[in-house]
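Structure assessment
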Amino acid sequence: MMHDQETVLIQGHIIDSLILAKVLDTILMMGGTFDFQEVHIGKTREEPSRARIIVRTSSAKLLSEILHAIQPHGASVESERDCRLTAAPADGIFPDEFYATTHLSTQVRLRDQWVEVEGIEMDLGVRVDPVGLTARTIPMGQVKRGDLIVTGREGVRVIPLQRPRDRDVFSFMESQVSAERPHGHIIGDIAKRLVQLRAGFREGKVGSKVLLAGGPAIVHAGGREALAWLIEEEFIHVLFCGNALPAHDMEVDLYGTSLGYGHVAGRVVPHGHEHHLRTINRIRAVGSIEAAVRSGVIKTGIMAACVRRGAHVVMAGTIRDDGPLPGVITDSVEAQASMRAAIPGIGLALLVASTLHAVATGNLLPATIPSVCVDVNPAVPTKLADRGSFQAVGLVMDAASFLRELARELGWKP
Amino acid sequence: MSRLLVCPPDYFGIEYEINPWMRRSNAVNSDQAVRQWHHLMRVLEQDVGVVLERMKPVPGLPDLVFTANAGAVMGRKAVPSRFRYAERQKEEAYFEDWFRAQGYDVFTLEEGLVFEGAGDLLGFPDGWFGGYRQRSDIRAFSILSEWFTREILPLELVDSRFYHLDTCFCPLSGGELLYYPPAFDRYGQAAIAERITPERRLAVPEDEAMKFACNAVCVGKHVVLPAGCPHTGQLLEARGYRLHPVPLDEFMKSGGSAKCLTLALD
């Protein structure tokens, strides 16, 4: 990723003198890249031309070397001001004109230095520690009176997403979603990523975790075994879900049904509609999902795999939940915070068959994390893909088909 | 009639070293320098027919004699130089005072933005060129271009021996250019080639460039240049110019010749 950048301005008779060409050649020859932010070409010989150029490099040292090399040719670094900071007027309230983040990497200028905003996520504010010279995103609800919050746009810059280097589906999709597109090669590319990420995960490499946010349709449609296998095989390390996915997953284990339907035969089972309630009640009685798995009450399925593999699970409740299961977070602000806390270290996100959890997770993800959204309803992948990320792949397909095909690519034998 | 600003060499000498030509050990023969300067003035006044404006020399300012670096002049507008080296910065006030006393509209560059006058700003009626990197800051040219409403194409000077544009680049009245191409990088050479057709580009050989053949004064069809540049002389005569070679080797010890010793005022 090219992350160090500076904007330079060059003006005068820079076209016919080839000064602009020389500056651009110098940037490229030294290993940097550039983008034109603004170009004005003089219309007459006398009228000067002007170019505002963003110089990007892979390191601060190279950036400084390039700036040093192009400055004698008139490319001067635009004098940037520090970002403006305003104290929050009260707990939970941003100052007026607070800067609202995007999901793209962002830097703020503090004491003449560009500082990376940590924990990038869309629709948050930026809190600055003026002593440690650090900046971090902060949700509206967590701001404390007197916190120094970035206001206005001065001294703030957003780093556009660079096209990923890997030449797979994530670098080509460009946010397109289509139900008509063949899925095979896309799933194949996702499988390759999962293999790479698992290798990284086992070596303890940062950014190698895979997140799956999913809904209960995974269980109803028959994706439970495939997903459980993916977790058991350490391809998935973090699970975001609600109350229903674990309830129906464990209902299958206890009663052989999901939402009352025989899981194998597919027929309605007498009094089957009670099964998920009885499941929830049983787990509440045991005290926790983990205890239910460890004590052998729950033996198979997604939650059992999560417990056995130590996968990190965040269950966020909603107003239609029964029970809920122990561990389901019913305060939605708290649930959001728990999901946010699980994002660092994620290298790929699979958002499967849940509008609610897919959108909530999508909002928490920085644009740099590749994501795959799978839903039978094209509106969901479209909504996610519209976040403007090169690395968002949308698949209009059934959750179970997706998970089963993905697991088969990775060696699962049903 | 052309007018040139000059300054008698009463205090000329080598008291510091700010270019590759200057060696304090290579002392100037003052009598010889004075003789050569007066010879040059005689040629300019009597043979070429220009009017000379003489500045008063100042003790302690040995390079005030190089009036090409007084500033840039067009019509009634003058921009006094801002010298790169402290040794010559003391000259700035004298040149500025002279422009003001003569009634020029004086435009001053911000402090620290170096620009060494007509030494680094030369051109044809329709387009000028500015030499940068050695002595002048390229950013000065976009400001000068606005003040003078003239196009100024900056050219990087890549050889420290040719530290001012007028040491390697001499526009002639007929539209030809006398120059030493290796003093410029490929971008500069391409920019020159884009503006001046091949038959009008007169490249001087290295040995004559080293004698500052390009540091010539062209007024009408007269060209006054340092003596000892026969190839350059042939190039010029072939295009109908009348040559006036003048021995100026005492001034070469300081890295200057005919053009450096004059500033065209009109």
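The structure displayed is predicted, hence computed values, not measured ones.

How each quantity is defined
Residues numbered from 1 in each chain as written. Chains lettered and ligands numbered in written order. Predicted model: local features only at pLDDT ≥ 70, side-chain atom pairs only at ≥ 80, totals over all residues. Helix = DSSP H or I, 4+ residues; strand = E, 2+ residues; numbered from the N terminus. Buried ≥ 20, exposed ≤ 12 C-beta atoms within 10 Å, placed from the backbone. Contact = placed C-beta atoms within 7 Å. Nonpolar A, V, L, I, M, F, W, Y, C, P; charged D, E, K, R; others polar. Pairing = 2+ DSSP bridges. Core = buried A, V, L, I, M, F, W, Y, C linked by C-beta atoms within 7 Å. Axes fitted to C-alpha atoms, helices over the stretch in contact; angles between N-to-C directions. Parallel < 35°, antiparallel > 145°, perpendicular 65-115°, else oblique. pLDDT = per-residue confidence, 0-100. Expected span 1.5 Å × (residues − 1). Left-handed = near helix turned anticlockwise from the far one by under 90°.

**Details of the overall build of chain B**
Across its full length, chain B holds eight helices and 15 strands. Looking at chain B as a whole, 47% of its 266 residues qualify as buried. Taking all contacts inside chain B whose residues are at least 6 apart in sequence as the whole, residues at least 24 apart take part in 66%.

**Overview of the overall build of chain A**
Of regular secondary structure, chain A possesses 14 helices and 21 strands. Within chain A, buried positions represent 44% of all 414 residues. Considering only intrachain contacts with a sequence separation of at least 6, the fraction spanning at least 24 residues in chain A is 64%.

**Points about the interface of chain A and chain B**
Listed by partner, the interface residues are 16 residues for chain A and 18 residues for chain B. Counting only elements with at least two residues in the side of chain A that touches chain B, the list comes to strand S1 (4-12) and helix H1 (19-29) of chain A. Sort the elements by how many residues they give to the side of chain A that touches chain B and H1(A) lands first, with three residues. Of the residues in the side of chain A that touches chain B, the class split is five nonpolar, seven polar and four charged.

**Considerations on the pairing of strand S21 (residues 392-396) of chain A**
Looking along a regular strand, one sees the side chains alternate between the two faces of the sheet. Residue and element names in this part refer to chain A. Counted residue by residue, S21 has five buried out of five residues, so it is predominantly covered. Every second residue of S21 is oriented toward a common face, with Ala392, Gly394 and Val396 on one face and Val393 and Leu395 on the other, all of them buried. As judged from the five bridges shared by strand S20 (residues 371-375) and S21, these two strands associate in the parallel manner. In the strand pairing of S21, Val374 is matched with Leu395.

**Re the nonpolar core**
Counting 93 residues, the largest nonpolar core has Cys168(B), Cys214(B), Ala216(B), Ala258(B) and Leu261(B) as its most contacted members. It is helix H4 (residues 138-148) of chain B that contributes the most residues to this core, five residues altogether.

**What to know about the packing of helix H7 (residues 244-255) of chain A against helix H8 (residues 275-286) of chain A**
All names here are of chain A. At a minimum axis separation of 9 Å, H7 and H8 run at an interaxial angle of 95°. Taken together, the axis directions place H7 and H8 in an arrangement best described as roughly perpendicular. Contacts from Ala247, His248, Met250, Glu251, Leu254 and Tyr255 of H7 reach H8 at His275, His276, Thr279, Ile280, Arg282 and Ile283.

**Examining the confidence of the model for chain B**
Mean pLDDT for chain B: 96, with 100% of residues reaching 70 or above. For this predicted complex, the interface score ipTM comes out at 0.90, alongside a pTM of 0.64.

**Regarding the environment of Asn377(A)**
If you trace the backbone, Asn377(A) turns up in the loop between S20 and helix H13 (379-385). Taking the C-alpha atoms as reference points, Asn377(A) and Leu395(A), 18 residues apart in sequence, are found 9.5 Å from one another.

**Some thoughts on the pairing of strand S13 (residues 209-214) of chain A**
All names here are of chain A. Counting buried residues in S13 gives six out of six residues, a clear majority hidden from the surface. Residues Lys209, Leu211 and Ala213 line one face of S13 and the alternating positions Val210, Leu212 and Gly214 line the opposite face, and both faces are buried. Relative to strand S19 (residues 346-352), S13 runs parallel, the two sharing six bridges. Paired with Leu211 across the strands is Ala349, a residue of S19. Pairing geometry for S13 and strand S14 (residues 238-241), over three bridges, is parallel. Note that in S14 the partner of Ala213 across the bridge is Phe240.

**Re the sheet that holds strand S4 (residues 76-77) of chain A**
Residue and element names in this part refer to chain A. Across the sheet, four strands lie side by side as S2-S3-S1-S4; this open sheet has antiparallel pairing. The outermost strands of the open sheet, each flanked by one partner alone, are strand S2 (33-40) and S4. Across seven bridges, S2 lies against strand S3 (residues 49-57) in antiparallel orientation. Its bridge partner lying in S3, Glu38 is registered against Arg52.

**Notes on helix H10 (residues 302-309) of chain A**
Residues and elements named next belong to chain A. All buried positions along H10 are accounted for by Ile302, Met303, Ala304, Ala305 and Cys306. Buried-residue contacts for H10 involve helix H6 (224-232), S14, H7, helix H9 (289-294) and strand S17 (312-316). The first or second residue beyond H10 is Gly310, which carries a positive phi of 70°.

**Some details on unusual backbone geometry**
All names here are of chain A. Cis peptide bonds are those with omega within 30 degrees of zero, and the linkage from Gly323 to Pro324 qualifies with -5°. Residues other than glycine seldom take positive phi values, yet Glu97 does so here, at roughly 65°. With respect to the helices and strands, the residue Glu97 is situated in the loop between strand S5 (84-87) and strand S6 (106-110).

**A look at H7(A)**
All names here are of chain A. In this model, H7 (12 residues) spans 15 Å end to end at C-alpha, consistent with the 16 Å of a helix rising 1.5 Å per residue. Those residues of H7 that fall on the buried side of the exposure criterion are Ala244, Leu245, Pro246, Ala247, His248, Asp249, Met250, Glu251, Val252 and Asp253. Directly beyond the C-terminal end of H7, a positive phi value near 75° is found at Gly256.

**Thoughts on the environment of Ala213(B)**
All names here are of chain B. Position of Ala213 relative to the elements: it lies in the loop between helix H6 (206-209) and strand S12 (217-219). As a C-alpha pair, Ala213 and Pro226 span 13 residues in sequence and 6.2 Å in three-dimensional space. Setting aside anything within four residues of it in sequence, one finds Ala213 in contact with Val204, Glu208, Leu225, Pro226, Cys229 and Thr232.

**Some thoughts on the packing of H1(A) against helix H2 (residues 60-70) of chain A**
Residues and elements named next belong to chain A. Two numbers describe how H1 lies on H2: the axes approach to 10 Å, and their chain directions differ by 155°. Relative to H2, the element H1 is oriented roughly antiparallel. The two elements H1 and H2 meet at a crossing, and its hand is right-handed. Here H1 contributes Val23, Thr26 and Ile27 to the contact with H2, which in turn contributes Ile66, Ala69 and Ile70. Residues of the contact of H1 with H2, tallied by class, amount to five nonpolar, one polar and no charged.

**Topic: the sheet that holds strand S8 (residues 152-156) of chain B**
All names here are of chain B. Strand order in this open sheet of three strands is S6-S7-S8, and the pairing throughout is mixed. Either end of the sheet is taken by a strand with one partner, and the two such strands are strand S6 (121-124) and S8. Direction aside, neighbouring strands of the sheet carry axes that sit 30° apart on average. Inspection of the sheet shows strand S7 (residues 127-132) paired to S8 by five bridges, in the parallel sense. Bridge pairing in S8 places Trp128 opposite Ile152.

**Points about the environment of Leu248(B)**
All names here are of chain B. Following the sequence through the fold, Leu248 ends up in the loop between strand S14 (242-246) and helix H8 (249-252). Each C-alpha atom of the pair Leu248 and Gln32 lies 9.2 Å from the other, and the pair is 216 residues apart in sequence. When near neighbours in sequence (up to four residues on either side) are disregarded, Leu248 contacts Gln36, Leu40, Pro226, Ser257 and Ala258.

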